[in-house]
Amino acid sequence: MKTIQIQTGSKQYNVYVGNHALLQLSKIIENMKPAVSNILLISDETVASFHLDEVKNTLQLEKDVFSFVIPSGEKEKSFENYYAVQTFALEKGLDRHSLIIALGGGMIGDLAGFVAATFMRGIRFVQVPTTLLAHDSAVGGKVAINHPLGKNMIGAFHQPEAVIYHTPFLNSLPEKEWRSGFAEVIKHSFIGDVELYHWLREEVKTLTDLRDDKLIYTLQRAIPVKAKIVAEDETEKGVRAYLNFGHTLGHALEKEMGYGNITHGDGVAIGMLFAIFLSEQIYEKDLQYREIKRWFTAYGYPNMPSKLDVNRLVQVMKQDKKANGGTIRMVLMQEIGVVDVVSISDETVRMALEAFQREEESI
Ligand SMILES: NC(=O)c1ccc[n+]([C@@H]2O[C@H](COP(=O)([O-])OP(=O)(O)OC[C@H]3O[C@@H](n4cnc5c(N)ncnc54)[C@H](O)[C@@H]3O)[C@@H](O)[C@H]2O)c1
Ligand SMILES: [Zn+2]
């Protein structure tokens, strides 16, 4: 088992990664000070059907353990479910010394984390991620729920006490979720670990290579990229923006195509390719766009949809939370492993998007 230390201005905690990571859970809870009074496990229906019993069975503690299971899917990261969990927690007598365990992917991690951040002004929580994508979402302390008017619009910064990445839980993950999470792994290599990038190209030819030791190694390299950025910038004032690589167009695609019609990672993969395509033009250098495009295609990432209206995409990109006073700010790549945030005019983005659409069709 590997242990990765996460240091933020407000807290230090460990991420345990490996085949037996779940064994840490009870130990960590027993050692918490002040002592944990009782526990609320939060999960979604799919994850619960595979893994809830195992987690409950490892919790050999003299404490009440309650569980609350919500339906699966991004639309369940809602105010209604947030409120329902709070009601359940109050009914079951949770108090300021209770602990929340989030068992699931980013949806559950964000929702359960936001419950923990706000229940009685904030109680402790532990993340038990079950998706590859959650190597990103479980680290960093951003927790939130969605509003019908926008994703992640209501949230907080609340760091977990620990993250238990029990890798066997990922065995039940469907292929499209592997691909979605892998886009964030690639992102972490692009923005901060060129060695990881070369290793992935050599060692992960298909998504089924992401098992056992290779999965553990991948997590062990990708998580510190995020952790390092978060340590420097816990509340998102500067370098944390690098994590948005591929996300300006990615988010716009998710919004325009409708959430659920494209996974987050597929959107980010297209967004990263566009960022590389544009970076080649702006920095006038070869960043291996074509080669990287072929590499992405081999994993099954889709092409840029040719039917989407470029003007609308530009409008949506301007409304992105990370845009600055209506100017599109994109993370561009200077070289693999090195990125920067750049303001770009609408016209430049529009022309580049048109060229990108044509280019993607021609490959
Ligand atoms: N807080 C952050 O910093 C941060 C960063 C990135 C993404 N996010 C959030 O993360 C969410 C996306 O995360 P996600 O992709 O993990 O989504 P998710 O939690 O919805 O999981 C995707 C699907 O996989 C299923 N699933 C999860 N684990 C499984 C398993 N082990 N076996 C079988 N099925 C399983 C889920 O039921 C769901 O249907 C979004 O809400 C996004 O906003 C947050
Ligand atoms: Zn993302």
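Keep in mind it's a predicted model, so treat the numbers as computed, not measured.

1. As for the side chain of Asn 38
Okay, step 1: Turning to its location among the elements, Asn 38 is positioned in the loop between helix H1 (24-30) and strand S3 (39-44).
Okay, step 2: A distance of 3.4 Å separates the side chain of Asn 38 from the backbone oxygen of Gly 93, its partner in a polar contact.

2. Things to note about the site of ligand 1
Okay, step 1: Surrounding ligand 1, one finds 26 residues, the nearest of these being Glu 74, Lys 77, Gly 106, Thr 131 and Ser 172.
Okay, step 2: For ligand 1, an oxygen atom lies 3.4 Å from a polar atom in the side chain of Thr 46.
Okay, step 3: Between a nitrogen atom of ligand 1 and a main-chain N or O atom of Phe 169, the distance comes to 2.9 Å.
Okay, step 4: Protein contact buries 89% of the 860 Å² of open area that ligand 1 shows by itself.
Okay, step 5: Secondary structure elements with two or more residues in the shell around ligand 1: helix H2 (45-58), helix H4 (106-118), helix H5 (134-137) and strand S8 (150-157).
Okay, step 6: Top contributing element to the shell around ligand 1 by residue count: H2, with 4 residues.
Okay, step 7: Each residue belonging to the shell around ligand 1 can be placed in one class, and the counts come to 7 nonpolar, 10 polar and 9 charged.

3. Concerning empty space enclosed by the protein
If a probe the size of a water molecule is rolled over the atoms, the empty space left behind becomes visible.
Okay, step 1: All chains considered together, the criterion is met by 1 cavity of 30 Å³ or more.
Okay, step 2: Lining of the largest cavity is provided by Asn 244, Phe 245, Gly 246, His 247, Thr 248, Leu 249, Gly 271, Phe 274, Ala 275, Met 330 and Val 331.
Okay, step 3: Elements represented by at least two residues in the lining of the largest cavity include exactly helix H9 (247-257), helix H10 (264-283) and strand S10 (328-335).
Okay, step 4: Of the residues belonging to the lining of the largest cavity, the class tally is 6 nonpolar, 5 polar and no charged.

4. A closer look at the pattern of salt bridges
Okay, step 1: Per the counting criterion, the structure on display carries 21 salt bridges.
Okay, step 2: Between Glu 195 and Arg 221 there is a salt bridge; the shortest N-O distance is 3.3 Å. Here Arg 221 lies in helix H8 (residues 212-232) and Glu 195 lies in helix H7 (residues 194-203), a separation of 26 residues in the sequence.
Okay, step 3: Judged by relative accessible area, which is 54%, Glu 195 ranks as exposed.
Okay, step 4: A network of salt bridges, in which partner residues are shared, links Glu 74, Lys 77, Asp 110 and Lys 151.

5. Digging into H4
Okay, step 1: Taking 1.5 Å as the rise per residue, H4 with 13 residues should run 18 Å; its terminal C-alpha atoms sit 18 Å apart, in good agreement.
Okay, step 2: Where burial is concerned, most of H4 is hidden: 12 out of the 13 residues are buried.

6. Concerning the packing of aromatic side chains
Okay, step 1: The tally for this structure, following the rule as stated, stands at 18 aromatic pairs.
Okay, step 2: Ring plane angle 50 degrees and centroid distance 5.4 Å describe the contact between Phe 296 and Tyr 301, whose orientation is recorded as tilted.
Okay, step 3: A relative accessible area of 4% means that Tyr 301 is categorised as buried.
Okay, step 4: For the pair Tyr 299 and Tyr 301, a centre-to-centre distance of 6.3 Å together with 80 degrees between the ring planes defines the contact as edge-to-face. For the pair shown, Tyr 299 and Tyr 301 are each scored as buried.

7. A word on the layout of surface pockets
Okay, step 1: The calculated volume of the second largest pocket comes to roughly 160 Å³.
Okay, step 2: Lining the second largest pocket we find Ile 191, Gly 192, Asp 193, Pro 224, Val 225, Lys 228, Ile 229, Glu 232 and Tyr 242.
Okay, step 3: With 5 residues, the top contributor of residues to the lining of the second largest pocket is H8.
Okay, step 4: Along the lines of polarity and charge, the residues of the lining of the second largest pocket split into 5 nonpolar, 1 polar and 3 charged.

8. Here's the deal with the domain arrangement of the protein chain
Okay, step 1: When its domains are assigned, the protein chain resolves into domain 1 (2-172) and domain 2 (175-362).
Okay, step 2: In this structure, domain 1 and domain 2 have C-alpha centres spaced 27 Å apart.
Okay, step 3: Of the roughly 2,500 Å² buried at the junction of domain 1 and domain 2 (both faces included), carbon and sulfur atoms supply 69%.
Okay, step 4: Joining domain 1 to domain 2, the criterion identifies 2 salt bridges.
Okay, step 5: A salt bridge links Asp 136 to Lys 187; the shortest N-O distance between them is 3.5 Å.
Okay, step 6: Taken together, the connections running from domain 1 to domain 2 amount to 5 residue pairs in polar contact (both at pLDDT 80 or more).

How each quantity is defined
Residues numbered from 1 in each chain as written. Chains lettered and ligands numbered in written order. Predicted model: local features only at pLDDT ≥ 70, side-chain atom pairs only at ≥ 80, totals over all residues. Heavy atoms only, no water. Helix = DSSP H or I, 4+ residues; strand = E, 2+ residues; numbered from the N terminus. Polar contact = N/O pair within 3.5 Å; in protein donor to acceptor, adjacent residues only side chain to side chain. Near = heavy atom within 4 Å. Areas by Shrake-Rupley, 256 points an atom, 1.4 Å probe, with all protein chains shown as cover. Nonpolar A, V, L, I, M, F, W, Y, C, P; charged D, E, K, R; others polar. 1 Å grid on protein atoms, 1.4 Å probe; cavity = no way out; pocket = protein on both sides within 12 Å on 5 of 7 lines; lining within 4 Å. Points joined across faces, edges and corners; volume = space filled by probe spheres on them. Salt bridge = Lys/Arg side-chain N within 4 Å of Asp/Glu carboxyl O. Buried < 20%, exposed > 50% of the residue type's maximum accessible area, 1.4 Å probe, protein only. Expected span 1.5 Å × (residues − 1). Phe/Tyr/Trp six-rings, centres within 6.5 Å; stacked < 30°, edge-to-face > 60°. Domains from an automatic or database assignment. Buried area = accessible area lost by both parts, 1.4 Å probe.

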